[in-house]
Amino acid sequence: MSSFRSVSVLLCLAIIAFSNVDAFRWKKERSKNFRPNSVKEIEDDLKCKKMFARKMLLKGEPNRKARAIIGQDDRFQVELSNLQTYPWGTGVCLVSSQSNETCTCSGVLISKRHILTAGHCLHEGKTGKDTDLAAVYMHPYNGQFMSLGISQRYEIVKRTTLYAWRKRGLSTHDLGVLEVAPDDDGKGPGENNGYMSFGYDRGLSSSVYMNLFGFESKPGQPTVPAYYYSAGAMKTLRSSEIEHYLDMTEGMTGGPLYFIDTSGARTIYGVNTGPDSSKNFNKAARITKFRYHKICSVIEKAEGAGLC
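A brief look at the structure comes next. Given the structure is predicted, the values throughout are model-derived calculations rather than measurements.

Considering the arrangement of structural elements, one finds Arg 238 in the loop between strand 11 (226–237) and strand 12 (241–244). Sequence spacing of Arg 238 and Arg 286 is 48 residues, and the spatial spacing of their C-alpha atoms is 8.1 Å. There is a polar contact of 3.1 Å between the side chain of Arg 238 and the side chain of Glu 243.

A word on the sheet that holds strand 7 (residues 156–161). Pairing in this open sheet of 7 strands is antiparallel, and the strands run 6-5-2-3-4-8-7 from one edge to the other. Because the sheet does not close on itself, it has two edges, and the strands there are strand 6 (152–154) and strand 7. Each strand of the sheet is rotated relative to its neighbour by a mean of 35°, with strand direction disregarded. Where strand 2 (residues 91–96) lies against strand 5 (residues 133–138), 5 bridges are found, and the strand directions are antiparallel. Its bridge partner being in strand 5, Ser 96 is matched across the sheet by Leu 133. Along the sheet face, helix 6 (residues 289–303) touches strand 4 (114–117), strand 7 and strand 8 (176–180) and points at about 160° away from the line of strand 4.

Now for the state of the cysteines. Tallying each qualifying case throughout the model produces 1 disulfide. Between the sulfur of Cys 105 and that of Cys 121 lies a disulfide, 2.1 Å long from S to S. Looking down the S-S bond of the Cys 105 and Cys 121 bridge, the torsion is -90°, so its handedness is left-handed. A residue pair is termed long-range when its members are at least 10 positions apart, and Cys 105 in strand 3 (residues 103–109) and Cys 121 in the loop between strand 4 and strand 5 qualify at 16 residues.

Side-chain pairs of opposite charge can arise where the charged atoms are in close proximity. Enumeration over the complete set of coordinates arrives at 6 salt bridges. Put simply, Arg 153 and Glu 155 hold a salt bridge, and the shortest N to O gap is 2.8 Å. Among the residues examined, Arg 153 registers a relative accessible area of 41% and is labelled partly exposed. Here Lys 283 ties to Glu 241 by a salt bridge, and the two come within 3.5 Å at their closest N and O atoms. Of the two residues, Lys 283 is situated in strand 15 (residues 282–286) and Glu 241 in strand 12; the sequence distance between them amounts to 42 residues. Through salt bridges that share partners, Lys 235, Arg 238 and Glu 243 make up one connected network.

About the criteria used
- Residues numbered from 1 in each chain as written.
- Predicted model: local features only at pLDDT ≥ 70, side-chain atom pairs only at ≥ 80, totals over all residues.
- Heavy atoms only, no water.
- Helix = DSSP H or I, 4+ residues; strand = E, 2+ residues; numbered from the N terminus.
- Polar contact = N/O pair within 3.5 Å; in protein donor to acceptor, adjacent residues only side chain to side chain.
- Pairing = 2+ DSSP bridges.
- Axes fitted to C-alpha atoms, helices over the stretch in contact; angles between N-to-C directions.
- Contact = heavy atoms within 4.5 Å.
- Disulfide = S-S within 2.5 Å.
- Salt bridge = Lys/Arg side-chain N within 4 Å of Asp/Glu carboxyl O.
- Buried < 20%, exposed > 50% of the residue type's maximum accessible area, 1.4 Å probe, protein only.

Written as structure tokens, this is what we have:
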């Protein structure tokens, strides 16, 4: 087995060395149907992917710095037929009063009426001002929102951000929770669409293969917001932040960084916050033990004890 793994790594090196790197594409949803046979299979795949990522960073991609795409854009668009299936149905589009119904941020349902997103989507940080967030949409598609008959609008009830983001603007604490009002039938979006689990893991390794989804926002273009999925390798896991190579563009900030285990269960471990200042990698605020309990307390105050 070990000799087989050595051969696979050598094969990976050969592909990277001799192929047209700009056209080289990784399998995208191993993610859609991610069922690794072993931990070693994941590790071997990631060794290869990390080597590829490093080569791309050295090579440089013309559009990479402008769009926070690391090397080749390896995202795929979530189709209309999948919008109301799990986990895609848990994604939300956050709309500001100035955005003309384009997604300024993304988020994910984590309970019946609560959404996990980036802190900067809710509060400007240090300034003491809330953002001009106006509403939350479920299932917007290609900028048509309500016209397709599948979009759902929810009004904002309460927004919660971490103290270190509100008062100091620390990017490592760029995490927030949004509570929305139920619909006319008295149901929250999580009851209609399902919601994802979240957690913390001190033993999480940088070799894990993470996933991300969110809405790409390009104001003035008729095909927005488009719903995208990305998957890839971590760069570094810090105590309160995750550096990663998952492709993203503006509007995907606030989207969930999550892991799919061998049984297919999904757990959110971080919130995508945007590119590093160098634009060589992207970042996410990590869910720590303290933050996990903070999020739980917010949910339980509104929806009842024992939910976390």
